[in-house]
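# Descriptive structure summary
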Amino acid sequence: MEILFAAGLIPVDLNNIFITSPQASVWVEEAEEKGFPRTLCSWIKGIYSALQYWPEIKTIIAVTQGDCSNTQALTEILDHHGTQVIHFNYPYDRNPQVIRKNIEELMATFGVSWPKVIRAQKRIKAIREKLILLDKATWEGNRVHGWENHLFLVNSSDFKGNLNFYEEELTDFLETLSLRSKIRESVRLGYIGIPPIQSGLYEFVEQCGGRVVFNEIQRQFSMPHYKQNLISQYLAYTYPYDIFGRIKDVEEAIRVRKLDGLIHHTQTFCFRQVQDLLIRKHLSIPILTLEGDKPRPIDNRIKFRIEAFIDVLRK
C-alpha cells in the first residue's frame, strides 16, 4: 500500500470487489462456465470474474509466494488476456534482505523513491493507529460488534482506494462509540483463518450469545506492527509466512483478550485447510472448524454447529 499510494495510484483489493458484489455467486458460476474447475477455490474464480466487470483495471499485483497456491495459474490466464501482471513474493524464511529486495523492485516498477514511500507510510500510520483503537474498543471497550471489526479491518487491505475517505469513515465511527452501551456476551470468540466467504456468521454468533472479539487475518491486514520500519513491518505481517508465526499471534490474543474458543474458517480446496491439524495441535483452546465454499448466507448446518459450540462453551 505504501508504494502504491506513494506512486499516486488507486489500489483495489480484488477480493473485496468480489465478495461485496451482489453478483458474487453468479461470478463464480460464470468462471466455471468459462472452464474454471469446480474443484478450485471460489475466491480465484471470483477474482477472475471481477476483472471482467472492471475493465479499467489494467495492471494487477499478484502475490505468487506467500498466499494462494492457485494465484500463479490465474496470473497466466490474465497475462494471456492482456492484463499486465506484476509479481510480488514474500520469502518463506522471512529473510530481511530478500523482502527489502522485493520491495525495492516494486518501488522501481512504479518509479518511487524511499523518501516518497516513507512519507506515504507516515500518512498511513495515522490510520493504522485508529484501527488499533477500533480493535481495542472491540475486545477491551466492548462497544464494537464482531462484524464491524471485521469490515473495517478487512478493508484496510486497500483502504477502499482512498485514504482520506477511509479515515473519515473510520473516525466518524470511532466518535460514535462513546454513545454506545457496553456489549455483554456470555462467550468471547476469536475468528481465525480466511475471511468468510459466506455471510451472516458474525450476526448469528451474537444471536447465540457469543461475540467475535478477535479477527486474526483481518487484523493482520491492518498491520498492527505499524510502528516499525517498512521492512520490519512486512516481516511482522504473519499471513504470508509459516503457520507458526500465526499460531504465536493467536496464542497472545487468547491470553490478552480472554477468549473462550476459536472459530477456524477454512476455504474449500484451499491448501490452508491442512494447517487446521497444526492449529489444533498447538492451541489448547476449544476450536470449531467451519468450511466455506461459495458466497451465500450460512446454512442451517453451520448455524447448528455454531449454536452447539457456543452452548458447550457457555456451560
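## Points about the overall build of the protein chain
Within the protein chain, the regular secondary structure consists of 15 helices and six strands. For the protein chain, the C-alpha radius of gyration of 19 Å lies close to 20 Å, the compact-globule estimate for 315 residues. Projected onto its principal axes, the C-alpha positions of the protein chain cover 55 × 45 × 35 Å. The buried share among the 315 residues of the protein chain stands at 54%. For the protein chain, restricting intrachain contacts to residue pairs at least 6 apart in sequence, the fraction spanning at least 24 positions comes to 72%. Counting only carbon and sulfur atoms, one obtains 53% of the accessible surface of the protein chain, whose full area is about 15100 Å². Averaging the locations of the 39 positively and 38 negatively charged side chains of the protein chain gives two centres separated by 5 Å.

## Brief notes about the packing of aromatic side chains
By the definition in use, this model includes 13 aromatic pairs. With a centroid separation of 4.6 Å and an interplanar angle of 40°, the aromatic rings of Phe36 and Tyr48 are classed as tilted. Taken together, the residues span a long stretch of sequence, with Phe36 in the loop between helix 3 (24-33) and helix 4 (42-53) and Tyr48 in helix 4 at a distance of 12 residues. Comparing Phe36 with Tyr48 shows no difference in burial state: the two are buried.

The rules behind the values
Residues numbered from 1 in each chain as written. Predicted model: local features only at pLDDT ≥ 70, side-chain atom pairs only at ≥ 80, totals over all residues. Heavy atoms only, no water. Helix = DSSP H or I, 4+ residues; strand = E, 2+ residues; numbered from the N terminus. Rg over C-alpha atoms; globule rule 2.2 N^0.38 Å. Buried < 20%, exposed > 50% of the residue type's maximum accessible area, 1.4 Å probe, protein only. Contact = heavy atoms within 4.5 Å. Areas by Shrake-Rupley, 256 points an atom, 1.4 Å probe, with all protein chains shown as cover. Lys, Arg positive; Asp, Glu negative; His and termini not counted. Charge placed at Lys NZ, Arg CZ, Asp CG, Glu CD. Phe/Tyr/Trp six-rings, centres within 6.5 Å; stacked < 30°, edge-to-face > 60°.

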